[in-house]
Amino acid sequence: MKTNPKLLPFIFILSLLMPIGAQAHPHSWINMKTKIEGNEEQITGLTMSWTFDSLTSAYMLDGENLSAENKAATFKKLKDSVMENINVEHYFTYFYDGETPIKYAFSNQGTLTQNGPKLTLDFYVPLSKPKAISDRPLKLAIFEPSYYVDMSWDSKNDIELSSALSKRCSFELIPPNPTPEQVTYAMSLSVDQDPDNALGQLFTQTVIINCLK
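Here the structure is a predicted model, which is why all the values come from computation and not from measurement. (Residues numbered from 1 in each chain as written. Predicted model: local features only at pLDDT ≥ 70, side-chain atom pairs only at ≥ 80, totals over all residues. Heavy atoms only, no water.)

1. Brief notes about the side chain of Thr74
- Within the element layout of this structure, Thr74 appears in helix α3 (residues 71–88).
- At a separation of 2.6 Å, a polar atom in the side chain of Thr74 contacts the main-chain carbonyl oxygen of Asn65.
- In this structure, Thr74 is in contact with Glu64, Asn65 and Leu66, ignoring residues within four places of it in sequence. (Helix = DSSP H or I, 4+ residues; strand = E, 2+ residues; numbered from the N terminus. Polar contact = N/O pair within 3.5 Å; in protein donor to acceptor, adjacent residues only side chain to side chain. Contact = heavy atoms within 4.5 Å.)

Here you go:
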């Protein structure tokens with residue numbers, strides 16, 4: 001499948017949205033909703049919903065054929081392109097059991113829809129193998145490493161456990177806690193500077209999942 005060049009690589013090309021010399025990271029925003037899927041014995045995957053800000057959405061649609069007869073095919077093409085690119089980046093999703101990363105399987109299951117000026121990508125990320133529930137806490141974070149894009153949940157209500165998992169597990173959402181110096185540094189970065197891939201993790205929320213064995 002030929003990838004839309006506007007979305008390859010996805011995050012880097014988003015830099016074209018901003019004029020040269022534009023100051024301060026982030027430059028693009030994604031509001032997330034996440035459902036942690038599984039049963040009473042194991043976690044099986046993550047259902048994601050990412051809503052892009054209006055400017056990013058407009059750029060993604062720029063030059064595309066949005067006529068009534070072609071809109072569905074256009075949205076499918078864009079969905080496939082975005083999914084291909086975020087697959088390469090492991091969905092920007094970091095899921096850990098202690099210090100051990102929990103791996104994912106390839107997925108192209110998803111839909112791209114539009115609500116007003118914003119696009120929303122809904123997709124499913126299966127784990128490469130189910131993760132058995134234990135009494136060890138699990139850690140989930142979703143972020144773009146350079147903090148060019150801010151990826152965040154508006155509130156704890158945007159995170160959900162499947163009904164079966166909720167019988168044995170609970171979670172807390174921990175906000176980021178960057179220092180004033182780190183905030184000042186992020187604010188100083190222009191859109192055309194080389195990325196600092198240590199920055200995103202400083203500004204990301206973290207979900208801690210605790211289960212009863």
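This is not the end of the story, as more comes after the structure.
2. A closer look at the pairing of strand β8 (residues 149–152)
- Of the two faces of β8, the one holding Val149 and Met151 and the one holding Asp150 and Ser152 are both buried throughout.
- Pairing between strand β1 (residues 28–38) and β8: four bridges, direction parallel. Looking at β8, one finds that Ser28 is bridged to Val149. (Buried < 20%, exposed > 50% of the residue type's maximum accessible area, 1.4 Å probe, protein only. Pairing = 2+ DSSP bridges.)

3. Looking at the state of the cysteines
- The tally for this structure, following the rule as stated, stands at one disulfide.
- Cys169 shares a disulfide with Cys211; S-S distance 2.0 Å. Judged by the torsion about the S-S bond (105°), the Cys169/Cys211 disulfide is right-handed. Of this pair, Cys169 sits in strand β10 (residues 169–174) while Cys211 sits in strand β11 (residues 206–211), and the two are 42 residues apart along the sequence. For the pair shown, Cys169 and Cys211 are each scored as buried. (Disulfide = S-S within 2.5 Å.)

4. As for the packing of aromatic side chains
- Tallying each qualifying case throughout the model produces five aromatic pairs.
- Between the aromatic rings of Tyr91 and Phe123, the centroid separation amounts to 6.2 Å while the plane-to-plane angle is 20°, which identifies the pairing as stacked. You can see Tyr91 sitting in the loop between α3 and β3 (93–97) and its partner Phe123 sitting in strand β6 (residues 118–132), a full 32 residues away along the chain. Like Tyr91, the residue Phe123 is buried in the burial classification.
- Joined through ring pairs, the aromatic side chains of Trp50, Tyr91, Tyr104 and Phe123 make up one cluster. (Phe/Tyr/Trp six-rings, centres within 6.5 Å; stacked < 30°, edge-to-face > 60°.)

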